[in-house]
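The primary structure of each chain is shown beneath.
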Amino acid sequence: MLQARGLTKSYGARRVLDDVTFDVAPGRMTGFVGGNGAGKTTTMRIILGVLDADAGSVTLDGTPLGPDDRRRFGYMPEERGLYPKMRLEEQLVYFARLHGLSAPAAQSNARDLLERLGLTERAGDALEKLSLGNQQRAQIAAALVHDPDVLVLDEPFSGLDPMAVETVVEVLRERASRGIPVLFSSHQLDIVERLCDDLVIIADGVIRAAGPREELRERHAVLRYRLDAADTAWLDATPGVTVVERDAAGAEFEADDAATVQRVLADALARGPVTDFSRRRPRLADIFREVVA
Amino acid sequence: MSAAPVTRIVRLVAWREILMRLRSVSFLVSTGILLLVALGSTLVGGLAAANPEDTRVAVVAGVEVGDLPGVEQIPVPDRAAAEQLLVDGDADVAVVASDATPLGIALVGDDRVPLDVIQLFSVSPPIELLDPDATNPFLAYLVALAFGLVFFISAMTFGTTIAQSVVEEKATRVIELLVAAIPTRALLTGKILGTSVLAVAQIVLISGVAILGSALSGQHSLLPDLGPAILWFAVFFVVGFVLLASLFAATGALVSRQEDIGSTTTPVTMLVMIPYFVVVFLNDNALVVTIMSYVPFSAPIAMPLRVFLGTAEWWEPLLALGILVVTTVALVALAARIYERSLLKLGARVGWREALSRS
């Protein structure tokens, strides 16, 4: 378990992190969500020891992190960067060895990852010769090549095409299933929603919500329903009902209580055929809007 | 995971520095050119020394000069023709008939008559030298120039190399990955080590080629005299190079773009250039050379020069080396501090005050 406790950081008078506390559980993918400048990157840099916090601590399984522990981390910084003139495979082997792997282990890990990420044909090319998408994959490979015990990835999916996103999602899931904690940030809420087991939502340097995704969804669930029928205009006049969205097929509404929901359904059936009537659970985007607002 | 195998990391970083340099075309080409220059200059120098140019002597018809060593005789019909050759610079001296002396000849020069020609026509008393080993000042100048050039070129090229390598990691942002993985001091040490190995290897190669060139052109005689000076130069070079390399690394770390390197490395460049020019141009001023032989930045050039000239007591190189080592240790520590503080400050140039501040 990777635990951030009370992380605080200021630049001059500007407080960028305020008492940031959350857990990243082993074997689970934790999505780290927040707007630009919310403090995601600062938090990740503090976890990696690249930046010092003014206060607070980061522990792994209860012990404070030292340089030797952090060498077992896999990190993908927000600012991407590898050696432009170094060959891809050589570069991965170099990073794996810097992280403490033996030469043969580094070599075999590098080969496997290149294969997984579809870069085998590029193994001998200098990094600067690769397309941007491939450079992005190489960056992910560099974070994974030493079989890290913890993964911290800042926006791992930005700049990837949908195919590459799938590949990377698969690779990350596989790593998490080996029992390591994975923390990743993303702007792409749909990917986070699909991929993460746990969620941490940050805004203005303050954690607004944290916990298992399903729990958060339950906590933020309202009585929101979808009604598809020929006529839904009467909903507007129904007491205890607020229409949130309306389209050609029907409408989505929020009800004040369960009894109102039953009454709406009965009324709808009485007025004509109903093609869909279903509960809408909140999407991550909804939760995000709600907690950040 | 056991304790951080820092030496392993240092070796890896050094290995990468060397590998990338050896793959760089510009490095290989410049090394090739240096080798050619070293070989060429020693070969040409040796051949020129072996075949000094003959003195051109215009001989007026009717004068019998006989066979003289090192003299190219140009027969001319009369004194007027001889004078014309002198004025045009086509002859160094003319021999004309003269009744004024028992010899029956006179020497005519344009503005002077070369001493060696006079000697050819003179009877000299036997000469005994009390100090036959005294160093020729021209040779002293050459040795100063050679040590100076080698140190200057190495320090500048490899110093710039290390600064560029530091900036490259900042410019490409790979630095964040490195800092997260390994101690910055190991990174700095590896860079200095790798670059130093390359610099020393290049010097050894160039010296080897120069010695080969001298041997091929038959100038073995200088080597025994130069031997101790070269050994001292090697020792001073290694320490002095580490000193400069760390300063170049630290000043390089202050900027984030290759274009900005010059703005911060200039003071270090001055530290390399000024001693070089002082030693090369004032090598005949014993006091200046003595002072410079203790100043850490010029000691690698000046102290070996004094060893060669025989003006240094046995303990003087040791003392100068001690001063150099202490300075190096202190400045490397300072450089490491600047380097650590500046590595992750991307974007604007890091100010000296900020780089050195305590917080």
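Bear in mind the structure is a predicted one, so any value in this text is a computation, not a measurement.

### Remarks on the overall build of chain B
- Along chain B, the regular secondary structure elements total 13 helices and four strands.
- Computed over C-alpha atoms, the radius of gyration of chain B comes to 28 Å, more than 25% over the 21 Å expected from 2.2 N^0.38 for 359 residues, which places it beyond the range of a compact globule.
- On the principal axes, the C-alpha backbone points of chain B span a range of 100 × 40 × 35 Å.
- In chain B, of all internal contacts separated by at least 6 residues, the share reaching a separation of at least 24 is 69%.

### What to know about the pairing of strand β6 (residues 73-76) of chain A
Residues and elements named next belong to chain A.
- Side chains of β6 alternate between two faces, with F73 and Y75 and G74 and M76 buried alike.
- In the sheet, β6 pairs with strand β7 (residues 150-154) via four bridges, with the strands oriented parallel. Across the sheet, the residue bridging to G74 is L151, located in β7.

### Structural notes on the interface of chain B and chain A
- Taken together, the contacts link 17 residues of chain B with 25 residues of chain A.
- Looking at the side of chain B that touches chain A, the elements with two or more residues in it are α1 (6-23) and α6 (174-181) of chain B.
- Tallying contributions element by element places α6(B) first for the side of chain B that touches chain A, with six residues.

### So, the confidence of the model for chain B
Residues and elements named next belong to chain B.
- Averaged over chain B, the pLDDT score is 83; the fraction of residues at 70 or greater is 90%.
- Across chain B, the secondary-structure element scoring lowest on mean pLDDT is helix α4 (residues 115-120), at 73, and the one scoring highest is α1, at 93.
- Across the interfaces of the predicted complex, the ipTM metric reaches 0.83, alongside a pTM of 0.79.

### Quick notes on the sheet that holds β6(A)
Residues and elements named next belong to chain A.
- Spatial strand order, β6-β7-β8-β3-β9-β10: six strands in an open sheet with mixed pairing. With partners counted over all chains shown, the strands left at the sheet margins are β6 and β10 (206-212), one partner each. Going from strand to strand, the sheet's axes swing by 10 degrees on average, the running direction of each strand aside.
- Together, β3 (29-33), β6, β7, β8 (182-185) and β9 (198-203) form the strand contacts of helix α1 (residues 40-48), whose direction differs from that of β7 by roughly 150 degrees.
- Against the sheet, helix α6 (residues 162-177) contacts β3, β7 and β8, and its axis sits at roughly 150 degrees relative to β8.

### Side note on the environment of I287(A)
All names here are of chain A.
- Checked against the element boundaries, I287 lands in helix α10 (residues 284-292).
- Judged by C-beta crowding, with 23 C-beta atoms within 10 Å, I287 ranks as buried.
- When the C-alpha positions of I287 and A13 are compared, they lie 30 Å apart, and in sequence the two are 274 residues distant.
- The residues touching I287, leaving out its near neighbours within four places in the chain, are L216, R217, H220 and P282.

### Re the environment of S177(A)
All names here are of chain A.
- As for its position among the elements, S177 is in helix α6.
- Taking the number of C-beta atoms within 10 Å as the measure of exposure, S177 has 12 and is therefore exposed.
- It is 7.4 Å that separates the C-alpha atoms of S177 and R28, two residues lying 149 residues apart in sequence.

### A few points about unusual backbone geometry
Residue and element names in this part refer to chain A.
- Even without a glycine there, the phi angle at D204 is positive, about 50 degrees.
- Structurally, D204 is set in the loop between β9 and β10.
- For D204, a count of 15 C-beta atoms within 10 Å translates into the label partly exposed.

### Quick word on the domain arrangement of chain A
Residue and element names in this part refer to chain A.
- Structurally, chain A comprises domain 1 (2-212) and domain 2 (220-292).
- The centre of domain 1, based on its C-alpha atoms, is set 40 Å off from the matching centre of domain 2.
- Between domain 1 and domain 2, the residue contacts involve eight residues of the former and six residues of the latter.
- Put simply, the parts of the chain that give the side of domain 1 that touches domain 2 at least two residues each are α7 (189-195), β9 and β10.

### Focus on the packing of helix α5 (residues 137-171) of chain B against helix α9 (residues 261-281) of chain B
Residues and elements named next belong to chain B.
- Two elements in contact, α5 and α9, have axes whose closest approach is 9 Å; the angle formed by their N-to-C orientations is 170 degrees. Taken together, the axis directions place α5 and α9 in an arrangement best described as roughly antiparallel. For the pair α5 and α9, the contacting residues are A144, L145, G148, F152, A155, M156, G159, A163, Q164 and V167 in the first and I261, T265, V268, V272, Y276, V279 and V280 in the second.
- For the contact of α5 with α9, the per-class residue count stands at 13 nonpolar, four polar and no charged.

### Some thoughts on the domain arrangement of chain B
- In terms of domain boundaries, chain B breaks down into domain 1 (6-46 + 137-356) and domain 2 (57-120).
- If you average the C-alpha positions of domain 1 of chain B and of domain 2 of chain B, the two centres end up 54 Å apart.

### Details of the sheet that holds strand β4 (residues 55-60) of chain A
Residue and element names in this part refer to chain A.
- A sheet is described by the order of its strands in space; here four strands give the open sequence β2-β1-β4-β5, paired in antiparallel fashion. For this open sheet the edge positions go to β2 (14-24) and β5 (63-64), each flanked by a neighbour on one side alone.
- Note that strand β1 (residues 2-11) and β4 share five bridges and pair antiparallel. Directly across from L2, in β4, lies its bridge partner L60.

### A look at the nonpolar core
- Counting 144 residues, the largest nonpolar core has L92(A), A141(A), V152(A) and A249(B) as the members making the most contacts within it.
- With 14 residues, helix α8 (residues 222-252) of chain B is the single largest residue contributor to this core.
- Residues in contact with V152(A), not counting those within four places in the same chain, are M44(A), I47(A), L48(A), F73(A), Y75(A) and L183(A).
- V57(B), A58(B), V76(B) and A94(B) belong to the second-largest nonpolar core, a separate cluster that totals 12 residues.

Rules behind the numbers
Residues numbered from 1 in each chain as written. Chains lettered and ligands numbered in written order. Predicted model: local features only at pLDDT ≥ 70, side-chain atom pairs only at ≥ 80, totals over all residues. Helix = DSSP H or I, 4+ residues; strand = E, 2+ residues; numbered from the N terminus. Rg over C-alpha atoms; globule rule 2.2 N^0.38 Å. Contact = placed C-beta atoms within 7 Å. Buried ≥ 20, exposed ≤ 12 C-beta atoms within 10 Å, placed from the backbone. Pairing = 2+ DSSP bridges. pLDDT = per-residue confidence, 0-100. Axes fitted to C-alpha atoms, helices over the stretch in contact; angles between N-to-C directions. Domains from an automatic or database assignment. Parallel < 35°, antiparallel > 145°, perpendicular 65-115°, else oblique. Nonpolar A, V, L, I, M, F, W, Y, C, P; charged D, E, K, R; others polar. Core = buried A, V, L, I, M, F, W, Y, C linked by C-beta atoms within 7 Å.

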